[in-house]
Amino acid sequence: MAHKKAGGSSRNGRDSQSKRLGVKRFGGELVNAGEIILRQRGTQVHPGNNVGMGRDHTLFAKVTGRIRYGHKGPGSPTTVSVVPA
């Protein structure tokens, strides 16, 4: 009694779209006003001078200039600033 086993449905195959998070512009790079610097979930990196934060914690440049990453003090979170060109 040769017969084919019933083909079951796949239980995998569900996955969410990638969110493309991460650093988009690195330290020393020239950015224009409005350009996205970093996309993140939560405030892993805080906005510094001339940097704004969107509703989803995206950091963007408010002015044209060069990016500088740093800390405001010991034990403080990383900040990103834009030094006007």
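Everything quoted here is computed from the prediction, not taken from an experiment.

Draft legend 1. Geometry of the sheet that holds strand E8 (residues 78-84). One open sheet accounts for four strands, arranged E2-E7-E8-E4; its pairing is mixed. Taken across any chain shown, the strands that pair with only one partner, and hence form the sheet edges, are strand E2 (30-31) and strand E4 (45-47). In terms of strand pairing, E2 meets strand E7 (residues 65-71) through two bridges, oriented antiparallel. Bridging from a neighbouring strand, Val31 pairs with Gly65 of E7.

Draft legend 2. Looking closely at the pattern of salt bridges. Taken as a whole and judged by the stated rule, the model has two salt bridges. With its nearest N and O atoms 3.0 Å apart, the salt bridge here joins Arg25 to Glu35. Here Arg25 is found in the loop between strand E1 (22-23) and E2, whereas its partner Glu35 is found in the loop between E2 and strand E3 (36-39), with 10 residues between them in sequence. The residue Asp56 makes a salt bridge to Arg39 at a minimum N-O spacing of 3.7 Å. Of this pair, Asp56 sits in the loop between strand E5 (51-53) and strand E6 (59-61) while Arg39 sits in strand E3; the two residues are 17 residues apart in sequence, bridging distant segments of the chain.

Draft legend 3. Layout of the environment of Phe60. With respect to the element layout, Phe60 can be found in strand E6. For the pair Phe60 and Gln17, spaced 43 residues apart in the sequence, the C-alpha separation amounts to 23 Å. Sequence-distant contacts of Phe60, defined by excluding residues within four places in its chain, comprise Gly34, Glu35, Ile36, Ile37, Asn50, Val51, Gly52, Met53 and Gly54.

Draft legend 4. Structural context of the nonpolar core. One finds Val31, Ile37, Leu38, Val45, Val51, Leu59, Ala61, Ile67, Val80 and Val82 forming the largest nonpolar core, which totals 10 residues. Elements supplying a minimum of two residues to this core: E3, E6 and E8. Ignoring sequence-local partners within four residues, the contact set of Leu38 consists of Gly22, Val23, Lys24, Val45, His57, Thr58, Leu59 and Tyr69.

Draft legend 5. Structural context of the pairing of E8. Two elements, E4 and E8, share three bridges in a ladder whose sense is parallel. Across the sheet, residue Val45 finds its bridge partner in E8, namely Thr78. Relative to E8, E7 runs antiparallel, the two being bridged by seven bridges. Looking across to E8, one finds that Ile67 is bridged to Val82.

Conventions and cut-offs
- Residues numbered from 1 in each chain as written.
- Predicted model: local features only at pLDDT ≥ 70, side-chain atom pairs only at ≥ 80, totals over all residues.
- Heavy atoms only, no water.
- Pairing = 2+ DSSP bridges.
- Helix = DSSP H or I, 4+ residues; strand = E, 2+ residues; numbered from the N terminus.
- Salt bridge = Lys/Arg side-chain N within 4 Å of Asp/Glu carboxyl O.
- Contact = heavy atoms within 4.5 Å.
- Core = buried A, V, L, I, M, F, W, Y, C linked by side-chain atoms within 4.5 Å.
- Buried < 20%, exposed > 50% of the residue type's maximum accessible area, 1.4 Å probe, protein only.

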